[in-house]
Amino acid sequence: MLTQPLGDGAELRALEPWRAAEFAAYLDRVRAHLAPWLPWATTITDEPSARQWLQRYADGQAQDGIRIYGIWLDGELVGGVLFRIFDLHTQTCEIGVWLAPEVQGRGLILRAASHLIDWAVGTRGMARVEWRAVSSNVRSIAAAKRLGMSLDGVLREASPHHGTRHDVEVWSLLAGEWSGMPSGQPS
Ligand SMILES: CC(C)(COP(=O)(O)OP(=O)(O)OC[C@H]1O[C@@H](n2cnc3c(N)ncnc32)[C@H](O)[C@@H]1OP(=O)(O)O)[C@@H](O)C(=O)NCCC(=O)NCCS
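Predicted model, so just to flag it, every value in this text is computed and none were measured.

S.K.: When you look at the sheet that holds strand S7 (residues 150–161) in this model, what are you seeing that I'm missing?
M.R.: Working definition: the strands of a sheet are paired by backbone hydrogen bonds and lie parallel or antiparallel to each other. Read across the open sheet, the 8 strands follow the order S1-S2-S3-S4-S5-S6-S8-S7; overall the sheet is mixed. Looking at which strands have only one partner, the edges of the open sheet turn out to be strand S1 (3–7) and S7. Neighbour to neighbour, the strand axes of the sheet diverge by 25° on average, direction disregarded. The pairing of strand S2 (residues 10–14) with strand S3 (residues 67–73) spans 5 bridges and is classified as antiparallel. Opposite Leu-12, over in S3, you have Ile-71 as the bridge partner. Sheet strands touched by helix H1 (residues 20–34): S3, strand S4 (76–87) and strand S5 (92–99). Its angle to S4, the strand with the most contacts, is close to 85°.

S.K.: Just checking my understanding: could you explain the site of the ligand for this structure?
M.R.: The environment of the ligand is formed by 20 residues, the closest being Leu-99, Gln-104, Gly-105, Ile-109 and Asn-137. Between the ligand and Gln-104, the relevant distance is 2.5 Å, taken from an oxygen atom to a side-chain nitrogen or oxygen of the residue. Contacts to the ligand include Leu-110, whose backbone N or O atom sits 2.9 Å from an oxygen atom. Protein chains shield 73% of the accessible area of the ligand, which is 950 Å² for the free molecule. The cavity where the ligand resides is the largest pocket.

S.K.: Where do I start with the side chain of Arg-111 in this structure?
M.R.: Structurally, the position occupied by Arg-111 is in helix H4 (residues 108–123). Reaching out from Arg-111, the side chain makes a polar contact with the backbone oxygen of Leu-6 at a distance of 2.6 Å.

S.K.: What am I meant to see in unusual backbone geometry here?
M.R.: Glycine aside, the phi torsion of most residues is negative, and most peptide linkages are trans. The backbone phi angle of Asp-8 is positive, close to 55°, even though this residue is not glycine. Checked against the element boundaries, Asp-8 lands in the loop between S1 and S2. Phi is positive for Gln-91, which is not a glycine, with a value near 55°. Its location among the elements puts Gln-91 in the loop between S4 and S5.

S.K.: I would appreciate a short explanation of the side chain of Arg-13 in the present structure.
M.R.: With respect to the helices, strands and loops of the structure, Arg-13 is situated in strand S2. Sequence-distant contacts of Arg-13, that is, excluding residues within four places in its chain, are made with Leu-2, Thr-3, Arg-19, Tyr-69, Gly-70 and Trp-72.

S.K.: Just to check I follow, could you spell out the pairing of strand S6 (residues 128–134) for this structure?
M.R.: A regular strand places its side chains so that they alternate between the two faces of the sheet. Burial analysis of S6 places 5 of its 7 residues in the buried class, the great majority of the element. Pairing of S5 with S6 involves 3 bridges; the strand directions are parallel. Of the residues in S6, the one forming a bridge with Glu-94 is Glu-130. Remark: the S5/H4/S6 crossover connection has right-handed handedness.

S.K.: It is not clear to me how the pairing of S7 should be interpreted in this structure. Could you clarify?
M.R.: Bridge count for S7 against strand S8 (residues 164–174) is 8 bridges, and the pairing is antiparallel. Directly across from Ser-150, in S8, lies its bridge partner Ser-172. Taken together, S7 and the strand that follows it, S8, pair antiparallel across an intervening segment of 2 residues, in which His-162 is found at a positive phi of about 55°.

Each value, and the rule that gives it
Each chain has its residues counted from 1, running along the sequence as written. For this predicted model, a pLDDT threshold of at least 70 governs which residues receive local features, and a threshold of 80 or more governs which side-chain atom pairs are given and counted, while totals over whole chains, interfaces and linings are taken from all residues. Neither water nor hydrogens contribute to the side-chain values; these are computed over all heavy atoms in the structure. Note on pairing: DSSP must find at least two bridges between two strands before they are called paired. Strands here are runs of E lasting at least two residues and helices are runs of H or I lasting at least four, both read from the DSSP assignment and numbered beginning at the N terminus. Every angle, taken between N-to-C directions, lies between 0 and 180 degrees, and every axis is a line fitted to C-alpha atoms, over only the stretch in contact when it is a helix. Whether two residues are in contact is decided by their heavy atoms, any of which lying within 4.5 Å being enough. We call a residue near a molecule or strand whenever a single non-hydrogen atom of that residue lies within 4 Å of it. We call two N or O atoms a polar contact when they sit within 3.5 Å, provided that within protein one can donate a hydrogen and the other can accept it, with sequence-adjacent residues counted only if both atoms are side-chain atoms. Accessible surface is estimated by sampling points in the Shrake-Rupley manner with a 1.4 Å probe; for residues, cover comes only from the protein chains shown. Of the grid points, spaced at 1 Å and generated over the protein atoms alone, those admitting a 1.4 Å probe that cannot get out make up cavities, while open sets with protein on both sides within 12 Å along at least five of seven lines make up pockets; any residue with an atom within 4 Å of a point is treated as lining. If over half the atoms of a molecule are within 2 Å of the grid points of a cavity or pocket, the molecule is regarded as sitting in it. To sort residues, take the accessible area from a 1.4 Å probe on protein chains only and compare it with the maximum for the residue type: under 20% means buried, over 50% means exposed, and anything in between is partly exposed. The definition of a right-handed crossover adopted here requires that, viewed with the strands pointing away, the path from the first strand over the helix to the second runs clockwise.

Nothing here speaks to function; it is geometry throughout.
So, in structure tokens, the structure goes:
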């Protein structure tokens, strides 16, 4: 995938190490919005740390493992989706997502994550797609539900973050439950 149209001027593209400066500038702009939920939004502070992180995903992709994609809206980087886990042995993957605050509420994540699921399940034979969210992350949990996921359970106090241990909800979608891309989406 070089560029996957998401409709309404939005595009999904691989977020590769050569985009580190753009990614670092994006994080500077939206850090306060992402940091309560995503530890890497705090630890990636400049272009070298952004490059190092993106390189980890590039290396993962080269080994047919983890992958990361950005979402651009009218040419501006506004968010992203990733496979935090992509394990062909267990046929299990886990998706993570984020957006700039001003572009929430347009269905960008529904569309971008649907493309990832469609590829993981339809093309790569994944049996199980996971989604993990801190229990108080209402928007993330709503996104998991919108994708047709079911709650597997709660990992109590599994996530230490900013000095507090948070419960983590594990949501999942099984291959047979995937109903395909939301209607009207570019494929
Ligand atoms: C989690 C996060 C990515 C969810 O973003 P989001 O904008 O709510 O999700 P989507 O892009 O799928 O948009 C869905 C919303 O768009 C609305 N929408 C508008 N047009 C739509 C369309 N054409 N198709 C689908 N939904 C549409 C939906 O009704 C929904 O709004 P609602 O929640 O008010 O009902 C975002 O809140 C975020 O970045 N949070 C901080 C980082 C984070 O928590 N990441 C996850 C860690 S587990």
